[in-house]
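# Remarks on the overall topology
For reference, the chains in residue letters:
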Amino acid sequence: MAKSSMNLKQFAGVVQSATQRTPDRNIKLNQIDIEPQVRTQFDETEQAELDASVKAQGILQPIILLAKPDGRYRLIAGERRVRSAQNNGLDEIPAMIKHNLEAWEIRRIQVAENADRAGITPYDEARGVQKDVETYGVEKAMEIWNRSEGWISKRTSVAKYAEPIKNLLKDRVLGDLEVAHSLNQLHQLDELEYARLDKRLRDGLPLSRDEVRGKVQQVKDWKNEEKQRKERREALGKSLAKEKGNPRQTSATKAAPALPVPAQPTPARES
């Protein structure tokens with residue numbers, strides 16, 4: 001992979017600047033445009049707790065905005081805080097104002113901001129990584145998420161999972177992508193065995209990585225044994241057919257019994 005041409009010191013400065021907690025000024029909520037963020041799912045309980053905190057203490061940490069040419073602002077980070085401000089009937093919110101950021105820099109700030117606060121769901125994380133790979137490529141996605149290529153690859157593979165596994169992640173029933181990967185393998189091998197583990201998770205019972213990997217290996221062994229038995233039966237059938245020969249050629253292929261040769265008459269002797 002080619003080395004990145006990004007100036008790491010400059011990059012670190014962008015993130016450090018973006019994560020400062022001193023607001024520039026208050027901004028009217030109706031001046032803020034909200035575009036799709038990393039987080040798409042909001043936990044109602046967590047949001048209610050934040051609403052209560054804002055009601056009691058106000059907005060303690062400023063949101064991050066990007067100044068737009070038309071005088072409005074694009075929300076970079078802090079959608080939950082914006083929601084709490086709206087839910088509490090506030091007209092404005094403290095904000096840090098950024099200027100002239102590239103798209104990947106905005107994305108990097110959003111990812112860092114979500115990592116510092118309440119964790120996003122594994123499904124949102126995977127969708128975010130997939131979108132960044134499609135938009136910026138693998139190398140830039142690694143910079144945005146500050147992760148290895150293998151970590152990125154594991155999350156882009158979620159888009160190819162069967163729908164039942166995606167639903168486990170969406171519904172927050174499952175939060176371990178290692179387990180999700182093995183469950184996806186199991187679903188491809190045996191949907192009935194998968195359905196048993198799916199129900200187990202939805203019933204609130206734990207499922208370890210080793211356990212689901214063991215189940216995948218067990219099903220693979222079953223499949224392999226079944227394949228071998230089938231191959232042995234087919235080989236035995238061919239062998240028996242070969243011994244019996246072709247039933248259409250029974251009498252024709254057997255040699256006819258030899259007929260007795262008539263004795264030749266002895267020539268009469270002359271007297």
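Here, the structure is the one placed above.
Since the structure is predicted, the reported quantities are computational estimates derived from the model, not experimental observations.

Calculation criteria
- Residues numbered from 1 in each chain as written.
- Predicted model: local features only at pLDDT ≥ 70, side-chain atom pairs only at ≥ 80, totals over all residues.
- Heavy atoms only, no water.
- Salt bridge = Lys/Arg side-chain N within 4 Å of Asp/Glu carboxyl O.
- Helix = DSSP H or I, 4+ residues; strand = E, 2+ residues; numbered from the N terminus.
- Buried < 20%, exposed > 50% of the residue type's maximum accessible area, 1.4 Å probe, protein only.
- Polar contact = N/O pair within 3.5 Å; in protein donor to acceptor, adjacent residues only side chain to side chain.
- Pairing = 2+ DSSP bridges.
- Contact = heavy atoms within 4.5 Å.
- Axes fitted to C-alpha atoms, helices over the stretch in contact; angles between N-to-C directions.
- Parallel < 35°, antiparallel > 145°, perpendicular 65-115°, else oblique.
- Nonpolar A, V, L, I, M, F, W, Y, C, P; charged D, E, K, R; others polar.
- Expected span 1.5 Å × (residues − 1).
- Core = buried A, V, L, I, M, F, W, Y, C linked by side-chain atoms within 4.5 Å.

Bringing the pattern of salt bridges into the picture now. Side chains carrying opposite charge are able to pair once their charged atoms draw close together. In the structure shown here, the tally under the stated rule is 20 salt bridges. Residue glutamate 178 pairs with lysine 154 through a salt bridge whose shortest N-O separation is 2.3 Å. Placement of the pair is glutamate 178 in helix H9 (residues 177–189) and lysine 154 in helix H7 (residues 149–156), with a sequence separation of 24 residues. The class of glutamate 178 is partly exposed, set by a relative accessible area of 22%. By relative accessible area, lysine 154 is classed as partly exposed at 31%. Note that glutamate 178 and arginine 213 form a salt bridge whose closest N and O atoms lie 3.4 Å from each other.

With respect to the helices, strands and loops of the structure, glutamate 113 is situated in helix H4 (residues 103–116). Judged by its relative accessible area of 3%, glutamate 113 is buried. At a separation of 2.6 Å, a polar atom in the side chain of glutamate 113 contacts the side chain of arginine 81.

This paragraph deals with the sheet that holds strand E4 (residues 73–77). Pairing in this open sheet of five strands is mixed, and the strands run E1-E5-E3-E4-E2 from one edge to the other. In the strand order of this sheet, the two ends are held by strand E1 (25–28) and strand E2 (32–33), each with one partner. Bridge count between strand E3 (residues 63–67) and strand E5 (residues 92–98): four bridges; the pairing is parallel. Bridge pairing links leucine 66 to lysine 98 in E5. Most of the contacts of helix H3 (residues 79–87) go to E4, to which it runs at about 115°, and overall it touches E3, E4 and E5.

Here we come to the packing of H9 against helix H10 (residues 191–202). Contact geometry for H9 and H10: axes closest at 6 Å, N-to-C directions at 140°. In terms of their interaxial angle, H9 and H10 are classed as oblique. Mapping the contact onto sequence places Leu183, Leu186, His187 and Leu189 in H9 and Glu191, Glu193, Tyr194, Leu197 and Leu201 in H10. When the residues that make up the contact of H9 with H10 are grouped by side-chain class, the tally is six nonpolar, one polar and two charged.

With that settled, consider helix H11 (residues 209–244). With 36 residues, H11 should reach 52 Å at 1.5 Å per residue; the first-to-last C-alpha distance of 53 Å fits that figure. Listed as buried for H11 are Val212, Val216 and Val219. In this structure, the buried residues of H11 make contact with H9 and H10. One or two positions beyond H11, positive phi appears at glycine 245, with a value near 80°.

With that settled, consider the nonpolar core. With 21 residues, the main nonpolar core has Val158, Ile165, Leu169, Leu174, Ala180, Leu183 and Leu207 as its most contacted residues. Sorting the residues of this core by element identifies helix H5 (122–136), helix H8 (163–170), H9, H10 and H11 as the ones contributing at least two each. Element by element, the count of residues in this core is highest for H9, at five residues. If you look at the next biggest cluster of nonpolar residues, it comprises 15 residues, including Ile27, Leu29, Leu50 and Ile93.

This part takes up the environment of glycine 71. Of note, glycine 71 is situated in the loop between E3 and E4. Residue classification places glycine 71 among the partly exposed residues on the basis of a relative accessible area of 40%. Taking the C-alpha atoms as reference, glycine 71 lies 8.3 Å from glutamine 31; in sequence the two are 40 residues apart.

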